[in-house]
Amino acid sequence: MTLPIALTCGDPSGVGPELALAARRALGRSMPLFWIGDPRHLASDAFALIDAPAGADQVPDALLPVLPHRFASPALPGQPAPENAAGVIAVIERAVALVQAGQASAICTAPIHKKALKDGAGFAFPGHTEFLAHLAGEARVVMMLASPLLRVVPVTIHIAIEDVPGALTAELLEDTIRITDAGLRRDFGLSRPRLAVAGLNPHAGEGGAMGYDEIRLIAPVLERLRAEGFDLRGPSSADTMFHPRARMGYDAAICMYHDQALIPIKTLDFDGGVNVTLGLPFVRTSPDHGTAYDIAGKGLARPDSLIAALKMAHEMAAARLG
């Protein structure tokens, strides 16, 4: 029997609950899953309560299997409730416990709002990725955004641009490349991943005319890893890495900072991008969008990215089983 995917509720005042219902309607039983959250936060009665993940298989196609988790209060679309912050965090912890106990095949997380969690429950992590790494025993992880058109991995993530040069170290770059290579082998079935590595500066520094980070830091790491057998190209000018012909030459792009990675993939496939955490002892995906408070509850949110995230989680979990 295929284990179901644990889909967390995310911020109940955002689009997560409505997208869960929409994704279930679109996927039916082709994608075994269950939603963890407070049933009061679902705007429709098209759900069925279950006592344990195994019960998700008995729920009719038209209904969303719900593993109930009581929150402090109801939720109003677009209006985050600080008293519900602790519940959002607890649901993520519960999903991790279930997948680690072998009761779920993977975790797919609906969007959270970091400020709302910090204000309401003192959430001390920059985002989902860092929190999941903590729950997995401080695992070394990387964030990958993936779609059928492009996979990108930012070496530095949720920090200010002015802090990037100081945060970018040889150790961090090497770890990112190693984790990405291992993740593409284990979770995507690639026998020898081809990685394209961007420079930090315009034109990859142009031989030192526009910066020395490529010469002093990036190139030596790539040379050392190539000697070990890694298939690496770069450091390359980021402005020439993402056109169609260039993308045919690699399986993932390693980028030096957040927007260098995310702008290309969101431009190419805004609705189909998936956030994947590589390096965890379990599979985790997420739609590549936020809570969208401005459209929550208005019937405008598209489930495409969540559907893509659920499908990718299912495929990754199957790949791990061999």
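Structural data are supplied above this passage.
What you are looking at is a predicted structure, and each value in this text was computed from that prediction instead of being measured.

### So, the packing of helix α6 (residues 170-188) against helix α7 (residues 213-227)
Step number 1: At their nearest, the axes of α6 and α7 sit 10 Å apart, and the two run at 45 degrees to each other. It follows that α6 is oblique to α7 by the angle criterion. The element α6 and its partner α7 pack so that their crossing is right-handed. Taken together, the residues of α7 that come into contact with α6 (itself represented by Ala170, Leu173, Glu174, Ile177 and Arg178) are Leu217, Ile218, Val221, Leu222, Arg224 and Leu225.
Step number 2: A class-by-class count of the residues in the contact of α6 with α7 yields 8 nonpolar, no polar and 3 charged.

### A short note on the pairing of strand β5 (residues 106-109)
Step number 1: Here β5 shows no split at all, with Ala106 and Cys108 on one side and Ile107 and Thr109 on the other all buried.
Step number 2: As judged from the 4 bridges shared by strand β1 (residues 5-8) and β5, these two strands associate in the parallel manner. Across the sheet, Thr8 pairs through a bridge with Thr109, a residue of β5.
Step number 3: The pairing of β5 with strand β12 (residues 284-287) spans 2 bridges and is classified as parallel. Its bridge partner being in β12, Cys108 is matched across the sheet by Thr285.

### Details of the pattern of salt bridges
Step number 1: In total, this model carries 16 salt bridges according to the counting rule given.
Step number 2: One salt bridge in this structure joins Asp175 and Arg140, with 2.3 Å as the shortest N-O distance. Pair noted here: Asp175 is in helix α6 and Arg140 is in the loop between α4 (128-135) and β6 (142-146), with a separation of 35 residues, a long-range link.
Step number 3: Its relative accessible area of 22% is what places Asp175 among the partly exposed residues.

So, how was this worked out
- Residues numbered from 1 in each chain as written.
- Predicted model: local features only at pLDDT ≥ 70, side-chain atom pairs only at ≥ 80, totals over all residues.
- Heavy atoms only, no water.
- Axes fitted to C-alpha atoms, helices over the stretch in contact; angles between N-to-C directions.
- Helix = DSSP H or I, 4+ residues; strand = E, 2+ residues; numbered from the N terminus.
- Parallel < 35°, antiparallel > 145°, perpendicular 65-115°, else oblique.
- Left-handed = near helix turned anticlockwise from the far one by under 90°.
- Contact = heavy atoms within 4.5 Å.
- Nonpolar A, V, L, I, M, F, W, Y, C, P; charged D, E, K, R; others polar.
- Buried < 20%, exposed > 50% of the residue type's maximum accessible area, 1.4 Å probe, protein only.
- Pairing = 2+ DSSP bridges.
- Salt bridge = Lys/Arg side-chain N within 4 Å of Asp/Glu carboxyl O.

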